[in-house]
Amino acid sequence: EVQLQASGGGLVQAGGSLRLSCVASGFTFDDYAIGWFRQAPGKEREGVSCIGTSDDSTHIVESVKGRFTIARDNAKNTAYLQMNSLVPEDTAVYYCVAMPWGCQLSGLNDYWGQGTKVTVSS
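Residues numbered from 1 in each chain as written. Predicted model: local features only at pLDDT ≥ 70, side-chain atom pairs only at ≥ 80, totals over all residues. Heavy atoms only, no water.

Colleague: Hey, could you run me through the state of the cysteines in this one?
Modeller: The bond known as a disulfide is covalent and runs between the sulfur atoms of two cysteines. What the rule picks out here adds up to two disulfides. The disulfide that involves Cys22 links it to Cys96, with 2.1 Å between the sulfurs. Since a negative S-S torsion denotes a left-handed disulfide, the Cys22-Cys96 link at about 70 degrees is right-handed. On the criterion of sequence distance, the pair formed by Cys22 in strand S3 (residues 18–25) and Cys96 in strand S9 (residues 92–99) is long-range, its members being 74 residues apart. Overall, Cys22 belongs to the buried group, its relative accessible area being 0%. A disulfide bridge connects Cys50 with Cys103, and the sulfur atoms are separated by 2.0 Å. Around the S-S axis, the bridge from Cys50 to Cys103 shows a dihedral of about -95 degrees and counts as left-handed. On the criterion of sequence distance, the pair formed by Cys50 in strand S5 (residues 46–51) and Cys103 in the loop between S9 and strand S10 (111–112) is long-range, its members being 53 residues apart. (Disulfide = S-S within 2.5 Å. Helix = DSSP H or I, 4+ residues; strand = E, 2+ residues; numbered from the N terminus. Buried < 20%, exposed > 50% of the residue type's maximum accessible area, 1.4 Å probe, protein only.)

And the structure:
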């Protein structure tokens, strides 16, 4: 069974940090790029960051650039999103997604995790 288990979310004050993890199983992890998306209350889902299959490329959305960092450890089948200097606008459910064609959603062959909730208080 293909699984992507996101964890590490929680409640933090503005200015704080969280490290999200995405643990994969049931497929060849290092054949897939890993992306992070988020969906805030009442908002549409947006892409946050993505990393290629072996740290060959990374992408970060402008709104979090300089605050968030994406990484992966293929030996552990795990990807991470380090979130620093958090602001209330970062409040959302964060989802990880595995993509077989690099940092580009296929719409058909992508694997999605269940998400982990992040709440940032002011």
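The rest of the description comes next.
Colleague: What should I look at first to understand the pattern of salt bridges in this one?
Modeller: If the charged atoms of two oppositely charged side chains come close together, the side chains can form a pair. Per the counting criterion, the structure on display carries four salt bridges. Between Asp90 and Arg38 there is a salt bridge whose closest N-O contact spans 2.9 Å. Highlighted residues: Asp90 in the loop between strand S8 (78–83) and S9 and Arg38 in strand S4 (residues 33–39), separated in sequence by 52 residues. Of the two residues examined, Asp90 and Arg38, each falls in the buried class. (Salt bridge = Lys/Arg side-chain N within 4 Å of Asp/Glu carboxyl O.)

Colleague: Hey, could you run me through the side chain of Arg38 in this one?
Modeller: Under the relative-accessibility criterion, Arg38 is labelled buried at 5%. Within the structure, Arg38 has its side chain in polar contact with the side chain of Glu46 (distance 2.7 Å). Side-chain polar atoms of Arg38 contact the side chain of Tyr94, separated by 2.9 Å. Residue contacts for Arg38: discarding those within four places in its chain leaves Glu44, Arg45, Glu46, Val48, Ser63, Val64, Phe68, Glu89, Asp90, Ala92, Val93 and Tyr94. (Polar contact = N/O pair within 3.5 Å; in protein donor to acceptor, adjacent residues only side chain to side chain. Contact = heavy atoms within 4.5 Å.)

Colleague: Which parts of the structure should I look at to understand the pairing of S9?
Modeller: Side-chain positions along a regular strand alternate between the two faces of the sheet. Counting buried residues in S9 gives six out of eight residues, a clear majority hidden from the surface. By the bridge criterion, three bridges tie S9 to strand S11 (residues 116–121) in an arrangement that is antiparallel. The residue bridging Ala92 from the neighbouring strand is Val118, located in S11. (Pairing = 2+ DSSP bridges.)

Colleague: Which parts of the structure should I look at to understand the pairing of strand S1 (residues 3–7)?
Modeller: Alternating positions in S1 separate cleanly, Leu4 and Ala6 being buried on one face and Gln3, Gln5 and Ser7 remaining unburied on the opposite face. Both S1 and S3 contribute to a ladder of five bridges, which runs antiparallel. Following the sheet pairing, Ser7 is matched in S3 by Ser21.

Colleague: Before we go on, may I ask you to explain the side chain of Arg72 in this structure?
Modeller: Along the chain, Arg72 turns up in strand S7 (residues 68–73). Under the relative-accessibility criterion, Arg72 is labelled buried at 8%. For Arg72, the side chain forms a polar contact with the main-chain oxygen of Phe29, separated by 3.0 Å. A distance of 2.8 Å separates the side chain of Arg72 from the backbone oxygen of Tyr32, its partner in a polar contact. What Arg72 contacts, discounting residues up to four positions off in sequence, is Phe29, Asp30, Tyr32, Ala33, Ile34, Ile51, Gly52, Thr53, Ser54, Asp55, Thr78 and Ala79.

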